[in-house]
Amino acid sequence: QVQIVESGGGTVQAGGSLRLSCAASGSTFTIVNIGWYRQAPGKQREFVGRIGTDSTITYADSVKGRFTISRDIAKNMVYLQMNSLKPEDTSVYYCSVLTSRRLYWGQGTQVTVSS
């Protein structure tokens, strides 16, 4: 089992920045990668980015150059630094943890970008 706690959401003006945090605990030795997804009202959940245990990082085209994923291995934390935020980035952001057995989801944190 893996437990996930997200934090860091909020409201920011366009052009601003926010940093989301994802804390994983439990059977963290089984983790394959940790990712971020987002879901806006009325839309499907979409991939934002992920980091593998080999430190390989992948981003969605829509956030490349604006968002940065990093991790603190010792703390089992993964961060999503979001810069140059746009109103279309407004969504609930979810942390996902893929293990050798299954995919886990966090509870989600709201990010609202005002124009």
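Refer to the structure presented above.
Worth saying up front: this structure is predicted, and the values here are computed from it rather than measured. (Residues numbered from 1 in each chain as written. Predicted model: local features only at pLDDT ≥ 70, side-chain atom pairs only at ≥ 80, totals over all residues. Heavy atoms only, no water.)

> Describe the pattern of salt bridges, with residues and values.
On inspection of all chains with the given rule, the structure shows four salt bridges. The shortest N-O distance in the salt bridge between Asp89 and Arg38 comes to 2.9 Å. Pair noted here: Asp89 is in the loop between strand 8 (77-82) and strand 9 (91-99) and Arg38 is in strand 4 (residues 31-39), with a separation of 51 residues, a long-range link. You'll find Asp89 and Arg38 in the same group, each marked buried. Note that Arg66 and Asp89 form a salt bridge whose closest N and O atoms lie 2.7 Å from each other. With a gap of 23 residues between them, Arg66 in the loop between strand 6 (57-59) and strand 7 (67-72) and Asp89 in the loop between strand 8 and strand 9 connect regions that are remote in the sequence. Given the relative accessible area of 10%, Arg66 is considered buried. A relative accessible area of 0% places Asp89 in the buried class. (Salt bridge = Lys/Arg side-chain N within 4 Å of Asp/Glu carboxyl O. Helix = DSSP H or I, 4+ residues; strand = E, 2+ residues; numbered from the N terminus. Buried < 20%, exposed > 50% of the residue type's maximum accessible area, 1.4 Å probe, protein only.)

> I'd like to hear about the pairing of strand 11 (residues 109-114), residue by residue, with values.
Only one face of strand 11 is buried: it carries Thr109, Val111 and Val113, and the other face, with Gln110, Thr112 and Ser114, is open. Of the pairings in the sheet, the one linking strand 2 (residues 10-13) to strand 11 comprises four bridges and is parallel in character. Within strand 11, the residue paired with Thr11 across the bridge is Thr112. (Pairing = 2+ DSSP bridges.)

> Can you explain the state of the cysteines? Please cite residues and give values.
Taken as a whole and judged by the stated rule, the model has one disulfide. The residue that forms a disulfide with Cys22 is Cys95, at a sulfur-sulfur distance of 2.0 Å. Across the S-S bond linking Cys22 and Cys95, the dihedral sits near -70°, which makes this disulfide left-handed. One end of the pair, Cys22, is in strand 3 (residues 18-26); the other, Cys95, is in strand 9, with 73 residues separating them in the sequence. Cys95 shares its class with Cys22; the two are buried. (Disulfide = S-S within 2.5 Å.)

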